[in-house]
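This is what each chain is made of:
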Amino acid sequence: MPWTKLVADQRRNFEPVGGGGCDRVLTYGEAISEAMEQAMEIDPRVIILGEGVSQPGFIYNTTRSICKRYGTKRVIETPIAEAALTGVTLGASLAGLRPVLIHMRCDFLLVSMDQIINHIAHWKRVFGNDTPLVIRAVIARGWGSGAQHSQSFHSLFASFEGLEVLMPATPYDIKGLFLSAVASPKPVLFLEHRWLYGDRDYVPRGTYLVPLGKAVLREEGSDITLIGMSLTNRDIYMAREKLKSERIFADWIDLRSINPIDLDTIYSSVAKTGRLLIVENGPVCCGIGAEIASRVMENCWDFLKTPVQRIGWPSATVPAGPELERQFYPGVDQILTTIRKMVT
Amino acid sequence: MDITTAFYLYSTMLKIRLVEEAIVNEYPLQEIQTPVHLYIGQEAIAAGIAINLQPHDFIVSNHRSHGHCLARGMDLEGFFKELYGKQGGVTSGWGGSMHIGDIERGIIGTSAIVAGGIPIGAGVALAQKMLSEGITVIYFGDGAVDEGIFWETLNFCKLNDLPVLFVMEDNHYASQTPTEQRHAYADIAHIVQGYEIPTLTLDGNNVFEVAKVSGNLINRIREGAGPCFMRCRTYRWKGHVGCSEDDDMGYRPAAELSIWKTRCPILWLEKYLTEQYPGKAEIEFFSRRDYWQREIDSAISKAKEAPYAVD
Ligand SMILES: Cc1ncc(C[n+]2csc(CCOP(=O)(O)OP(=O)(O)O)c2C)c(N)n1
Ligand SMILES: [Mg+2]
């Protein structure tokens, strides 16, 4: 099987950001594009499906190279029929293909909710068969994208053990996680963020895997644990830099995997710092942060110096107007204020 | 078509065109911060249908809704304030261009999820049938019929004889994907007719044809015939989203846009009216243009002056 060698080569000690003996920089968008191309090269069973995959635009330029190289047989343009296509993806995975279904926006996933949850997420448990499929969806934000074009549904899908949910935040991770997702026998929901597409990082030329289900400790500090996911890692990074001058040092965990949650990494950090702030890329209410907070309370009670705090969207409905948008999204300032309160 | 109606149709189409052109002019200033799906080229459909509607009728629309809403009588100032994200916007700044609505003026709402509005329109019609009166017009594109929910709704409407006019604006593309790559069938009318739903295919750029056909169908619906379906052939001039013509993207054959520009619904009507009413027509064109331009300019400057919508 094409993936076994790669799985065997898996780097056990993942190096957080940059370097790693690699001299080449790619953007997040270029990295996913390369990951798809290499996945198709390694494994002829990999096919790509989606609206607009072969049209100019090429899903934010991420399918251009595969279209050129593999053409319409393996890169399949689809009607606007998300529900059916999700079922098609499941069926194809059961009968020997490794399909990757792409949505331009996370919001369109909801049209296929029944296939994702009633079918994909429960399939392995019920029938015992593997469903090696990946669903890529891009979270957007800003310019009045509003209620139906800027939602982030990671938490909504996080309670199904039969569905892995990933939120890569760096070019290195997006490539390695995508290859892991395609290699995995489990179905993976792969949530990208449009605002990360231009971010740059060192990305090895060859194939490599970033393990599924593992968070990464991006930076170390002893005063507080900060958990970011997807785009909120950026705010955490900026907040953390500012806090250094105030002599507040934070452990910064990039969650990467929303389901399963890498609780061990979180517990060991909280055991050290005694404080936890989760910065959600989505509504606070019933977000993944709520689950993490409960787990930490259940398992790290004796270490906690202050209640776990969460920052995220004030409501699930994203407004469109520019000023409403500015008010809506929390940013570095809110993170700083919260951290200062928690630490002093 | 009588002269008053003809000039009224002209006026409505012109209003829509001038509004969209004003957006094209304003957009580079980056004060309108919302994705716009412009209706230029398709004005005859909204204008032709709107004249057959009565106050208690409703419309439900999609992401490309400016024309539908303006033809139905959406307030220009509320419309522009919404685009600018200002207080007094038709959806108080929460919706932006993709979610305009005004239930008081017969506009239930607009969904930016493809086909998302279609079943909602059926529900409105169910309520109309049970509680009151009136009919519902559901606007959607050739992309929306890709979705199963369209067919589910069609079936339900027929089963329950709901007072719905389905208006498919077939502009040959869904985003950049042409219909041939999305539809296994050549003519949806045959399939819809299989439900025994009265179905007509027409030139969506001919406002008289749209007005006449929709008028007949709407009368039948009012008399209890159940749902009817119109497939309006048309073409959008601008890119799927935004203000450029996006010719450089290369998904449309080179001459396609220029051919369709020669079939401009407004130019066509101007030519007709000039032939029918020489002298008078030119005066009317000028005065309508002048009127709408003033209205639009004033709505835009009020929108710019208004405070931002805040929570
Ligand atoms: C469920 C869903 N899938 C995909 C999209 C992205 N999208 C927005 S508009 C559009 C094309 C719609 O085409 P059509 O219905 O023909 O309307 P037109 O834009 O041509 O007026 C697509 C694919 C969406 N908004 N919702
Ligand atoms: Mg279309």
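Residues numbered from 1 in each chain as written. Chains lettered and ligands numbered in written order. Predicted model: local features only at pLDDT ≥ 70, side-chain atom pairs only at ≥ 80, totals over all residues. Heavy atoms only, no water.

Engineer: Even after reading the chapter, I still don't get the overall build of chain B, so can you show me in this structure?
Structural biologist: Counting its secondary structure elements, chain B contains eleven helices and eight strands. The C-alpha radius of gyration computed for chain B amounts to 19 Å, which stays within 12% of the reference 19 Å derived for 311 residues, consistent with globular compactness. Each principal axis of the C-alpha distribution contributes one length, and for chain B these read about 55 × 50 × 40 Å. Relative to its 311 residues, chain B shows a buried fraction of 60%. Across chain B, the 27 positively charged side chains and the 40 negatively charged ones have centroids separated by 3 Å. (Helix = DSSP H or I, 4+ residues; strand = E, 2+ residues; numbered from the N terminus. Rg over C-alpha atoms; globule rule 2.2 N^0.38 Å. Buried < 20%, exposed > 50% of the residue type's maximum accessible area, 1.4 Å probe, protein only. Lys, Arg positive; Asp, Glu negative; His and termini not counted. Charge placed at Lys NZ, Arg CZ, Asp CG, Glu CD.)

Engineer: Looking at this structure, how should I read helix α5 (residues 82–94) of chain A?
Structural biologist: Note: α-helices contain 3.6 residues per turn, so residues at a spacing of three or four share the same orientation. Residues and elements named next belong to chain A. For α5, which comprises 13 residues, the first-to-last C-alpha distance of 18 Å matches the rise-based estimate of 18 Å (1.5 Å per residue) to within 8%. Among the residues of α5, those classed as buried are E82, L85, T86, T89, L90, A92 and S93. The buried residues of α5 all sit within an arc of 165° when viewed along its axis, so they share a single face. Contacts from the buried residues of α5 go to β2 (46–50), β4 (98–103), α6 (113–127) and β5 (134–139). Just downstream of α5 lies G96, where phi reads positive at about 110°. (Expected span 1.5 Å × (residues − 1). Arc of directions from axis to C-beta. Contact = heavy atoms within 4.5 Å.)

Engineer: Just to check I follow, could you spell out the domain arrangement of chain A for this structure?
Structural biologist: The figure often quoted for interface size is the accessible area lost as the parts come together. All names here are of chain A. Along its sequence, chain A is organised into domain 1 (24–202) and domain 2 (216–343). The gap between the C-alpha centroids of domain 1 and domain 2 is 26 Å. When the area that domain 1 buries against domain 2 is broken down by residue, the three leading residues are R141, H154 and M167, summing to 24%. Counting across the domain 1 and domain 2 interface gives three salt bridges. We note a salt bridge from D173 to R256, for which the minimum N-O separation is 3.1 Å. Counting across the domain 1 and domain 2 interface gives 16 residue pairs in polar contact (both at pLDDT 80 or more). For the side of domain 1 that touches domain 2, the residue count by class is 15 nonpolar, eleven polar and five charged. (Domains from an automatic or database assignment. Buried area = accessible area lost by both parts, 1.4 Å probe. Salt bridge = Lys/Arg side-chain N within 4 Å of Asp/Glu carboxyl O. Polar contact = N/O pair within 3.5 Å; in protein donor to acceptor, adjacent residues only side chain to side chain. Nonpolar A, V, L, I, M, F, W, Y, C, P; charged D, E, K, R; others polar.)

Engineer: It is not clear to me how the site of ligand 1 should be interpreted in this structure. Could you clarify?
Structural biologist: Taken together, 21 residues sit near ligand 1, with A:E82, B:H63, B:R64, B:A112 and B:G143 positioned nearest. More than one chain approaches ligand 1, the contributing ones being chains A and B. Separating an oxygen atom of ligand 1 from a backbone N or O atom of B:A144 is a distance of 3.3 Å. At 2.9 Å, a backbone N or O of B:Y173 approaches an oxygen atom of ligand 1. Grouping the constituent residues of the shell around ligand 1 by class yields nine nonpolar, seven polar and five charged. (Near = heavy atom within 4 Å.)

Engineer: Just to check I follow, could you spell out the coordination of the magnesium ion (ligand 2) for this structure?
Structural biologist: Ideal geometry at a metal centre gives angles of 109.5 degrees when four donors are arranged tetrahedrally and 90 or 180 degrees when six donors are arranged octahedrally. Residues and elements named next belong to chain B. Of the protein atoms, only D142 (OD), N171 (OD1) and Y173 (O) coordinate the magnesium ion (ligand 2), at distances of 2.1 to 2.2 Å. One chain supplies every donor to the magnesium ion (ligand 2), and in sequence these donors are spaced D-x28-N-x1-Y. Taking relative accessible area as the criterion, Y173 reaches 6% and is therefore assigned buried. (Donors = N, O, S within 2.8 Å, 3.2 Å for Na, K, Ca; no water.)

Engineer: Just to check I follow, could you spell out the pairing of strand β10 (residues 224–228) of chain A for this structure?
Structural biologist: One face of the sheet, then the other: side chains in a regular strand alternate in exactly this way. Residue and element names in this part refer to chain A. A large share of β10 lies buried, amounting to five of its five residues. Alternating residues of β10 divide into I224, L226 and G228 and T225 and I227, and every residue in both groups is buried. As a crossover connection, the stretch from β10 through helix α8 (residues 232–244) into strand β11 (residues 250–254) is right-handed. Relative to strand β13 (residues 276–283), β10 is paired through three bridges, and the arrangement is parallel. Bridging across to β13, T225 finds its partner in L276. (Right-handed = clockwise from strand over helix to strand, strands pointing away. Pairing = 2+ DSSP bridges.)

Engineer: Explanation requested: the packing of helix α2 (residues 28–42) of chain A against helix α4 (residues 64–74) of chain A in the structure shown.
Structural biologist: Residue and element names in this part refer to chain A. One way to put it is that α2 packs onto α4 with a least axis distance of 10 Å and a crossing angle of 50°. Relative to α4, α2 is oriented oblique. You can see that α2 and α4 cross each other, and the crossing is left-handed. For the pair formed by α2 and α4, the contact residues are S33, M36, E37, M40 and E41 on the first element and S65, I66, R69, Y70 and R74 on the second. For the contact of α2 with α4, the residue count by class is four nonpolar, two polar and four charged. (Axes fitted to C-alpha atoms, helices over the stretch in contact; angles between N-to-C directions. Parallel < 35°, antiparallel > 145°, perpendicular 65-115°, else oblique. Left-handed = near helix turned anticlockwise from the far one by under 90°.)

Engineer: When you look at the nonpolar core in this model, what are you seeing that I'm missing?
Structural biologist: General note: in soluble globular proteins, nonpolar side chains tend to be found buried as a group. Residue and element names in this part refer to chain B. In terms of nonpolar packing, the biggest core is built from 71 residues, with I23, F80 and M230 touching the most fellow members. The greatest single-element share of this core, amounting to eleven residues, is contributed by helix α1 (residues 3–26). Sequence-distant contacts of M230, defined by excluding residues within four places in its chain, comprise I49, L165, F166, V167, M168, L200, L202, V210, V213, S214 and L217. (Core = buried A, V, L, I, M, F, W, Y, C linked by side-chain atoms within 4.5 Å.)

Engineer: Teacher, can you tell me more about the pattern of salt bridges here?
Structural biologist: Side-chain pairs of opposite charge can arise whenever the charged atoms involved come near each other. Residues and elements named next belong to chain A. All chains considered together, the criterion is met by 37 salt bridges over all chains. Where R205 meets D23, a salt bridge forms, and the shortest distance between an N and an O atom there is 3.2 Å. One end of the pair, R205, is in the loop between β8 (200–202) and β9 (216–219); the other, D23, is in the loop between α1 (2–8) and β1 (25–27), and 182 residues separate them in sequence. On the accessibility criterion, D23 (63% relative accessible area) is exposed.

Engineer: How should I be thinking about the packing of aromatic side chains in this particular structure?
Structural biologist: Each aromatic ring pair is summarised here by two numbers: the centre-to-centre distance and the angle between the ring planes. Residues and elements named next belong to chain B. Across all of its chains, the model carries 28 aromatic pairs over all chains by this definition. An angle of 75° between the planes, with centres 6.2 Å apart, marks the rings of F140 and F166 as edge-to-face. Of this pair, F140 sits in strand β3 (residues 136–141) while F166 sits in strand β4 (residues 164–170), and the two are 26 residues apart along the sequence. Exposure class is identical for F140 and F166. Each is buried. Through a chain of ring-to-ring contacts, three or more aromatic side chains come together here, namely F140, F150, W151, F166, Y195 and F229. (Phe/Tyr/Trp six-rings, centres within 6.5 Å; stacked < 30°, edge-to-face > 60°.)

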